[in-house]
Amino acid sequence: MKLALISDIHSNFEALSAVLDEIQRRAIDEIICLGDIIGYGPDPVQCLEVVRDRNIVCLLGNHDVAAFDPGQRATFTRLARAAIEWTAPILQQPHIAFLRSLPYAVKRHGCTFVHAAPLDPEAFEYILNDFSASRHFGGFTTPICFIGHTHQPDIFCEDMTTRTVQRGMRFIVNAGSIGQPRDGDPRACFGVFDADAFTFEHVRVPYDISTTAQKIMAAGLPRQLAERLSVGR
Ligand code: ZN
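Bear in mind that the values here come from a model prediction, so they are computed numbers and not experimental data.

The rules behind these values
- Residues numbered from 1 in each chain as written.
- Predicted model: local features only at pLDDT ≥ 70, side-chain atom pairs only at ≥ 80, totals over all residues.
- Heavy atoms only, no water.
- Pairing = 2+ DSSP bridges.
- Helix = DSSP H or I, 4+ residues; strand = E, 2+ residues; numbered from the N terminus.
- Donors = N, O, S within 2.8 Å, 3.2 Å for Na, K, Ca; no water.
- Tetrahedral: all angles 85-135°; square planar, octahedral: opposite > 155°, others 65-115°.
- Buried < 20%, exposed > 50% of the residue type's maximum accessible area, 1.4 Å probe, protein only.
- Lys, Arg positive; Asp, Glu negative; His and termini not counted.
- Salt bridge = Lys/Arg side-chain N within 4 Å of Asp/Glu carboxyl O.
- Arc of directions from axis to C-beta.
- Contact = heavy atoms within 4.5 Å.
- Core = buried A, V, L, I, M, F, W, Y, C linked by side-chain atoms within 4.5 Å.

*Asks:* Tell me about the sheet that holds strand 1 (residues 2-6), and name the residues and values.
*Replies:* What the 5 strands build is an open sheet, ordered 3-2-1-9-10; its pairing is mixed. Unpaired on one side and paired on the other, strand 3 (57-58) and strand 10 (199-205) mark the two borders of the sheet. Sheet topology note: the strand 1/strand 9 (residues 188-194) ladder contains 4 bridges and is antiparallel. What sits directly across from Leu5, in strand 9, is Gly191.

*Asks:* Describe the coordination of the zinc ion, and please don't skip the residues or the numbers.
*Replies:* Reference geometry at the metal: tetrahedral coordination by four donors gives ideal angles of 109.5 degrees; octahedral coordination by six donors gives 90 or 180 degrees. Each protein donor to the zinc ion is listed here as Asp8 (OD), His10 (NE2), Asp36 (OD) and His151 (NE2); together their distances run 2.0 to 2.5 Å. Its 4 donor atoms give the zinc ion angles of 88 to 179 degrees at the centre, a pattern that matches the irregular case. Read N to C, the donor residues that coordinate the zinc ion are spaced as D-x1-H-x25-D-x114-H. Of this pair, Asp8 sits in the loop between strand 1 and helix 1 (13-25) while Asp36 sits in the loop between strand 2 (30-33) and helix 2 (44-53), and the two are 28 residues apart along the sequence. Accessibility expressed as a relative area gives 0% for Asp8, which makes it buried.

*Asks:* Please provide a residue-by-residue account of the side chain of Arg73, values included.
*Replies:* Note on placement: Arg73 falls in the loop between helix 3 (62-68) and helix 4 (78-87). Among buried charged residues, Arg73 stands out as having no salt bridge; its nearest opposite-charge side chain is Glu85, 4.6 Å away.

*Asks:* Summarise the pattern of salt bridges; cite the residues concerned and give the values.
*Replies:* Under the counting rule described, the total for this entry stands at 16 salt bridges. Residue Arg26 is joined to Glu22 by a salt bridge in which the shortest nitrogen-to-oxygen separation is 2.8 Å. Judged by its relative accessible area of 16%, Glu22 falls in the buried class. With a shortest N-O distance of 3.3 Å, Arg170 and Glu158 are connected by a salt bridge. Of this pair, Arg170 sits in the loop between strand 7 (154-157) and strand 8 (171-174) while Glu158 sits in the loop between strand 7 and strand 8, placing them 12 residues apart in sequence. When salt bridges that share partners are traced, they join Glu22, Arg25, Arg26 and Glu201 into one network.

*Asks:* Before we move on, can you summarise helix 4 with the specific residues and values?
*Replies:* Buried within helix 4 are the following residues: Leu79, Ala80, Ala83, Ile84 and Thr87. Looking straight down helix 4, one finds that the buried residues subtend no more than 125 degrees of arc, so they occupy a single side. Buried residues belonging to helix 4 abut helix 2, helix 3 and helix 8 (223-231).

*Asks:* Let's hear about the nonpolar core: which residues, and what values?
*Replies:* Counting residues in hydrophobic clusters, the biggest one holds 52 residues, and the most contacted among them are Ile6, Ile23, Ile37, Leu99, Ile178 and Phe190. For Ile37, the residues in contact, after removing those within four places along its chain, are Ile9, His10, Ser11, Cys47, Leu48, Val51, Cys58, Asp64, Phe98, Leu99 and Leu102. Core analysis: the second largest hydrophobic core is formed by 20 residues, Leu3, Ile144, Ala175 and Phe198 among them.

Now the structure itself:
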């Protein structure tokens, strides 16, 4: 059983399409989306409909919540708020109904899946290092928990001895971001987990960044949201 973990698509249709093409080329059995389908980018409806219509198992991200719960926007940066205020009016009732139907946490194939952090998935905490990861190992019982949210691909081991997923140890694995990577590599990022071999790999996929950036400008979204895509920050 091979799982593809995709996260933080953020309305970037070019990046999502490139990643789905790459997934198609691999022997992937199931795709799981870790949330934040929308926000930041210019194609919220297209991205949402691809995930929905392919019946991809999907978690609820904080930007997804913000589409139907304005209270969530209070925690947002200026750029994130500008983007969700542009996005929310474009979504129609079936899109909102789909987002509202998404779960905060899922357990499947012996793994746990949340958008941000397992201890209290609705709080959307940021797990950025071994220290912030450590207490979250108490928030799930499976050997591995997959997360997104920070847009930084990473692997945290419970005993902090390795960054390679291996059997017999427990891990929190950040799949990285499809639509707005922030680790300095502008290519789309996703994860592949082989549940039989118990191995994990981050995969990087180039995509047509200039088209996405042009769409962001044409939509009247903040210029910084276009510029950051080409630097991956
Ligand atoms: Zn995000």
